[in-house]
Amino acid sequence: MQQKFHIERMDRERLELALDWAAAEGWNPGLHDAASFFAADPSGFFMGFLGDEPVGSISAVSYPGDFGFIGLYIVRPEHRGKGFGLKLWHTAVEHLGERTVGLDGVIERQSSYARSGFVTAHRNIRFEWSGPAAMETDTAVGRLEPSDFEEILAYDAALFPGNRDEFLRVWTRQPECTGLLYRAADGSIAGYGLLRPCRMGYKLGPLFADTPRIAASLLQTFRLHVGTAPIFIDMPEPNTAALQLAARYSMRRVFETARMYAPRPPSLPLERTFGITTYELG
């Protein structure tokens, strides 16, 4: 008897499985991403099954307000070309409804997203940065402490198109991560970032800063925390100062996506975004 394809919401265990699939695709997820992702929207993760066998996944995280983000769009290689991905896609789009929706599209999928009404806002370029270990430090850079959280929320709100307080509450406190912030002379936050361990090396995201000099100070301090281990950072191409920092520190370009939105891109100060948070949740 032919097995029937059906879609169910993921629990945390299934989300871990989808992240294992993402690792197999070469996306290098963080070691502790699942808890933060699930905190953002526990109802926004879907898995497709052929009978009892999980064969595909998609996330459609709905942030409070009118913004959502699609990610983790994977069909297992042996089950591609059978229409399962399209069914997952329709489930994600239906879940997000009339919101503004973002995604990061790999090169081979961008034309199909465009046919679904998504328009390209810009490219995100992934860089790999390895060493050197010894660099100068800036006394304005300090550890991100729990007592800083409300200030971080206020700072982050101007740089992301949705309310992601619940996500950040878990994201900034995940195990083995390093959170840093930069305080201006008046004591206000002028930049922050989060470095987390991944299947390979570390990812730095977000990296937000009011100026390129502040971004450089944060980068240098993050480097001190991990020695010569590789750090991966996804920089929006319109931020030319970010790309100049990548060149200054001899970062190696390894991957790119197109940040796409439907029906239209939100207005964001990309000149202050030196590293996006994730390809999966925006």
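Residues numbered from 1 in each chain as written. Predicted model: local features only at pLDDT ≥ 70, side-chain atom pairs only at ≥ 80, totals over all residues. Heavy atoms only, no water.

The protein is annotated in an unreviewed UniProt entry as GNAT family N-acetyltransferase from Methylococcus capsulatus.

Asks: I tried to follow the overall build of the protein on my own but got confused; where do I start?
Replies: Across its full length, the protein holds eight helices and 13 strands. Since a compact globule built from 282 residues should have a radius of gyration of about 19 Å, the 19 Å found for the protein is in line with a globular shape. Taken along its principal axes, the extent of the C-alpha atoms in the protein is 70 × 35 × 35 Å. Burial statistics for the protein: of 282 residues in total, 55% are counted as buried. Considering only residue pairs separated by 6 or more positions, the protein has 74% of its internal contacts joining residues 24 or more positions apart. Accessible surface for the protein amounts to roughly 12200 Å². Of this, 51% is attributable to carbon and sulfur atoms. Placing the 29 positive and 34 negative side-chain charges of the protein at their respective mean positions leaves the two points 4 Å apart. (Helix = DSSP H or I, 4+ residues; strand = E, 2+ residues; numbered from the N terminus. Rg over C-alpha atoms; globule rule 2.2 N^0.38 Å. Buried < 20%, exposed > 50% of the residue type's maximum accessible area, 1.4 Å probe, protein only. Contact = heavy atoms within 4.5 Å. Areas by Shrake-Rupley, 256 points an atom, 1.4 Å probe, with all protein chains shown as cover. Lys, Arg positive; Asp, Glu negative; His and termini not counted. Charge placed at Lys NZ, Arg CZ, Asp CG, Glu CD.)

Asks: Just checking my understanding: could you explain the nonpolar core for this structure?
Replies: As a rule of thumb, soluble globular proteins bury nonpolar side chains together. In terms of nonpolar packing, the biggest core is built from 37 residues, with Leu15, Phe37, Phe45, Tyr63 and Tyr192 touching the most fellow members. Of all the elements in the fold, those that place two or more residues in this core are helix H1 (12-24), helix H2 (33-40), strand S2 (45-50), strand S3 (53-63), strand S4 (67-75), helix H5 (149-157), helix H6 (165-171) and strand S9 (189-197). Among the elements that make up this core, the one with the highest residue count is H1 (five residues). What tyrosine 63 contacts, discounting residues up to four positions off in sequence, is Ala40, Gly68, Phe69, Arg99, Phe160, Gly162, Asn163, Arg164 and Leu281. Within the second largest apolar cluster, 29 residues are counted, among which are Ile125, Trp129, Val141 and Leu207. (Core = buried A, V, L, I, M, F, W, Y, C linked by side-chain atoms within 4.5 Å.)

Asks: I tried to follow the layout of surface pockets on my own but got confused; where do I start?
Replies: Once rolled over the atoms, a probe with the size of a water molecule shows which space is left empty. Put simply, the largest pocket is a space of about 780 Å³. As for the largest pocket, its lining consists of 31 residues, of which Tyr73, Ile74, Val106, Arg109 and Tyr113 are closest to the centre. Elements with a contribution of two residues or more to the lining of the largest pocket: S4, helix H3 (84-96), strand S5 (100-105), helix H4 (110-115) and strand S12 (252-262). Considering each element in turn, the lining of the largest pocket owes the most residues, six residues, to S4. Looking at the lining of the largest pocket, its residues break down into 14 nonpolar, eight polar and nine charged. (1 Å grid on protein atoms, 1.4 Å probe; cavity = no way out; pocket = protein on both sides within 12 Å on 5 of 7 lines; lining within 4 Å. Points joined across faces, edges and corners; volume = space filled by probe spheres on them. Nonpolar A, V, L, I, M, F, W, Y, C, P; charged D, E, K, R; others polar.)

Asks: Which parts of the structure should I look at to understand the packing of helix H7 (residues 212-226) against helix H8 (residues 240-248)?
Replies: For any two helices packed against each other, one specifies the crossing angle of their axes together with the interaxial distance. One can describe the packing of H7 onto H8 by two numbers: an axis separation of 10 Å at closest approach and a directional angle of 40°. Between H7 and H8, the angle is such that the two are oblique. Both H7 and H8 take part in a crossing whose hand is right-handed. Residues Pro212, Ala215, Ala216, Leu219 and Gln220 of H7 touch H8, and the partners they reach there are Ala241, Leu245 and Arg248. (Axes fitted to C-alpha atoms, helices over the stretch in contact; angles between N-to-C directions. Parallel < 35°, antiparallel > 145°, perpendicular 65-115°, else oblique. Left-handed = near helix turned anticlockwise from the far one by under 90°.)

Asks: Looking at this model, I keep getting lost on the environment of leucine 159. Mind explaining?
Replies: Here leucine 159 is to be found in the loop between H5 and H6. As for leucine 159 and alanine 258, which are separated by 99 residues in sequence, their C-alpha atoms are 18 Å apart. Discounting residues that sit within four places of it in the chain, leucine 159 has contacts with Phe208, Leu268, Pro269 and Arg272.

Asks: Honestly, empty space enclosed by the protein in this entry has me stumped. Any pointers?
Replies: Counted by the stated rule, this structure contains two cavities of 30 Å³ or more. Empty space within the largest cavity amounts to approximately 130 Å³. What lines the largest cavity is a set of 13 residues, among which Leu159, Phe160, Arg259, Leu268 and Ile276 lie closest to the centre. Partitioning the lining of the largest cavity into residue classes produces eight nonpolar, four polar and one charged. Computed from the structure, the second largest cavity encloses a volume of approximately 50 Å³. For the lining of the second largest cavity, the element with the highest residue contribution is strand S11 (residues 231-236), accounting for three residues. For the lining of the second largest cavity, the residue count by class is five nonpolar, two polar and five charged.

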